[in-house]
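If you want the building blocks of each chain, they are given just below.
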Amino acid sequence: MWNERINEFLDGERNISEATDEEKNEIYIYRKIISIYAAKMDYVPSEEGKDEFLRKIRSRKKAKWVWWSVAAAAIFLSLFIPLYVVPTVKERKLMAMEPQKRLELKMEKVRQINVDFDTVRTVMDGF
Amino acid sequence: MDSEVVYMKKILVFVFALATIFGITKEDIAEVWRSSQYVAYRFFVEESDFPKIRYEKVYKNGDDKLVFVLNPKSLVWVRMNEDCWMGDKVLYKVPSGIKDLEDVALEALEESTDATIVEGDGWYMLEYETRKGYFKVDIDESGIPMDIYRKIDGIVMKMDIHPVLEDLKDFKALLDGRKLSEELAFPKELGDIFKIFDWFSMKEENERIVIKGIINKKWHKIEVAFRRFKGCVKYGGLCVKSDPEVLKLLEGGSD
């Protein structure tokens, strides 16, 4: 168990001069790692760094809402398009008609009367 | 019907006899004209931006009238006991009533205050002016008009009447099986709009009825539709757009 051996050197139970070259190398690497961790633990970011870090977090949160909005819009459009944009069977039939017939049908809807205006105008000379 | 005609003729002769003795007035002529009975062919011409020509056969029995329009198209209208119908095979009830040039001229004569009467040999020439325009009428002593002329703001209307010797039969028999429907020819509100005009013309434009006409010697325009459009106001089941003067008249009713 090399860890136990290394611990003996690090705890001072054995003198470092007794260590082999390999053990010396391992002790060096271990100490280096500890020093790097210690440096990391002591690290205090600058105000700019902190802002940059928070901005990244916020943008990630925002991105989540953008994706939700896109999904909602897609659902809404998928319902809206068939209802209002895609012509109904009745509208398709109307579009397939001759323009004159279509106009007559349209006018009929507007008139809602039993006698055409030309007849009215023909017989009425005023009031 | 024949005995009624003889009776009416006797009354007319009596009225004219009295009028001749005491001097004829426009009221006398209007009364005889209103109650006159005749069968005639009539030719009507209107000179305006929307010219109109009509050739027709008329049966008049007092206020009741049956008219067979022969040209420019075949159609029938009838007035019986103040109710009017128009159409071809089926006649629909006209909510506003129908007035031809003769009816307008007679009403104007009754309203007029300054009618000039020129007496001829068995006929009279009348000249008068009201808000409905200037009128010149040649009428015979039995109350049958021969010529009617009307001018209102540059629009000229003329009617030539040529009576024929034909017995006045019952209108229902003359209608020859045509059905008198209780369905309206057009909405009542539209009839109310027609009635505010002394003269009008109309056309369809962008799914709207555009009526241009004269009210009290002034030109007005009114747009009517069966659904909402920009700038319109509701009038019964219709949406209308016009100047405030016309809208006020509509609110207050016709007449």
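Refer to the structure presented above.
This one's a predicted model, so the numbers in the text were calculated from it and none came from an experiment. (Residues numbered from 1 in each chain as written. Chains lettered and ligands numbered in written order. Predicted model: local features only at pLDDT ≥ 70, side-chain atom pairs only at ≥ 80, totals over all residues.)

A. Expanded view of the overall build of chain B. Within chain B, the regular secondary structure consists of six helices and 17 strands. Within chain B, buried positions represent 34% of all 255 residues. Look at the contacts in chain B between residues 6 or more apart in sequence, and 46% of them connect residues 24 or more apart. (Helix = DSSP H or I, 4+ residues; strand = E, 2+ residues; numbered from the N terminus. Buried ≥ 20, exposed ≤ 12 C-beta atoms within 10 Å, placed from the backbone. Contact = placed C-beta atoms within 7 Å.)

B. The arrangement of the overall build of chain A in detail. Counting its regular elements, chain A contains six helices and zero strands. Starting at the N terminus, the α and β elements of chain A follow one another as α-α-α-α-α-α. Relative to its 127 residues, chain A shows a buried fraction of 7%.

C. Structural view of the environment of B:Asn216. Summarising the element assignment, B:Asn216 is placed in the loop between β14 (208–215) and β15 (218–225). Sequence separation between B:Asn216 and B:Asp198 is 18 residues; the distance between their C-alpha atoms is 7.2 Å.

D. Summary view of helix α5 (residues 188–195) of chain B. Residue and element names in this part refer to chain B. For α5, the set of buried residues is Leu190, Gly191, Ile193 and Phe194. End-on view of α5: buried residues confined to an arc of 155°, all on one side of the axis. Packed against the buried residues of α5 are β13 (199–205), β14, β15, β17 (238–242) and α6 (244–251). (Arc of directions from axis to C-beta.)

E. Molecular detail of the environment of B:Ser36. All names here are of chain B. Here serine 36 shows up in the loop between α2 (26–35) and β1 (37–47). A count of 21 C-beta atoms within 10 Å places serine 36 in the buried class. Put simply, serine 36 and isoleucine 144 are 108 residues apart on the chain and 6.5 Å apart in space, counted from C-alpha to C-alpha. In this structure serine 36 touches Lys60, Ser142, Gly143 and Ile144, once residues within four positions along its chain are discounted.

F. Structural context of the sheet that holds β15(B). Residues and elements named next belong to chain B. Read from one edge of the open sheet, five strands run β13-β14-β15-β17-β16, paired in antiparallel fashion. Two strands in the sheet have a free side with no partner beyond their single neighbour: β13 and β16 (233–235). Averaged over neighbouring strand pairs, the angle between their axes works out to 30° when direction is ignored. Pairing between β14 and β15: seven bridges, direction antiparallel. Along β15, the bridge assignment pairs valine 210 with glutamate 223. In this fold α5 packs onto β13, β14, β15, β16 and β17, with an angle of close to 170° to the strand it touches most, β15. Here α6 sits on the sheet in contact with β14, β15, β16 and β17, set at roughly 70° to β15. (Pairing = 2+ DSSP bridges. Axes fitted to C-alpha atoms, helices over the stretch in contact; angles between N-to-C directions.)

G. Geometry of the nonpolar core. In terms of nonpolar packing, the biggest core is built from 42 residues, with B:Trp77, B:Trp85, B:Met86, B:Ile193 and B:Val224 touching the most fellow members. With four residues, the single largest contributor to this core is strand β4 (residues 75–80) of chain B. Not counting residues within four places of it along the chain, the set of residues in contact with B:Trp77 comprises A:Val123, B:Val67, B:Cys84, B:Trp85, B:Met86 and B:Ile98. Within the second largest apolar cluster, 22 residues are counted, among which are B:Ala115, B:Tyr128, B:Ile148 and B:Met157. (Core = buried A, V, L, I, M, F, W, Y, C linked by C-beta atoms within 7 Å.)

H. Region of interest: the interface of chain B and chain A. Contacts between the two partners involve 32 residues from chain B and, on the opposite side, 16 residues from chain A. Every element with two or more residues in the side of chain B that touches chain A is listed here: β4, β5 (83–87), α3 (101–111), α5 and β13 of chain B. Ranked by residues supplied to the side of chain B that touches chain A, first place goes to β13(B) with four residues. Broken down by class, the residue content of the side of chain B that touches chain A amounts to 20 nonpolar, two polar and 10 charged. (Nonpolar A, V, L, I, M, F, W, Y, C, P; charged D, E, K, R; others polar.)

I. The arrangement of the pairing of β13(B) in detail. Residue and element names in this part refer to chain B. The pairing of β13 with β14 spans seven bridges and is antiparallel. In the strand pairing of β14, lysine 203 is matched with valine 210. Taking the residues that link successive antiparallel strands as the turn, the β13-β14 hairpin has two residues, and the phi of asparagine 206 there is positive, at about 50°.

J. Spotlight on unusual backbone geometry. All names here are of chain B. The omega torsion across asparagine 71 and proline 72 is 10°, close enough to zero to call that bond cis. With a phi angle near 50°, asparagine 81 is a residue other than glycine that sits in the positive phi range. Examined against the element boundaries, asparagine 81 turns out to sit in the loop between β4 and β5.

K. Spotlight on the sheet that holds β4(B). Residue and element names in this part refer to chain B. The sheet built from 12 strands is open, its strands ordered β7-β8-β9-β10-β11-β1-β2-β3-β4-β5-β6-β12 with mixed pairing. Two strands in the sheet have a free side with no partner beyond their single neighbour: β7 (116–119) and β12 (179–184). Ignoring strand direction, the axes of neighbouring strands in this sheet form an average angle of 20°. Bridge count for β5 against strand β6 (residues 90–93) is three bridges, and the pairing is antiparallel. Bridge assignment links methionine 86 to a residue of β6, and that residue is tyrosine 92. Across the face of the sheet, α3 comes into contact with β1, β8 (123–130), β9 (133–140), β10 (145–152) and β11 (155–163) while running at roughly 75° to β10.

L. Quick look at the pairing of β5(B). All names here are of chain B. With four of five residues buried, β5 is to be regarded as a mostly interior element. Bridge count for β4 against β5 is five bridges, and the pairing is antiparallel. Counterpart to methionine 80 in the pairing with β5 is aspartate 83. The antiparallel pairing of β4 with β5 creates a hairpin that spans two residues between the two strands, and asparagine 81 there sits at a positive phi of about 50°. Between β5 and β6, which follow one another and run antiparallel, lie two residues.

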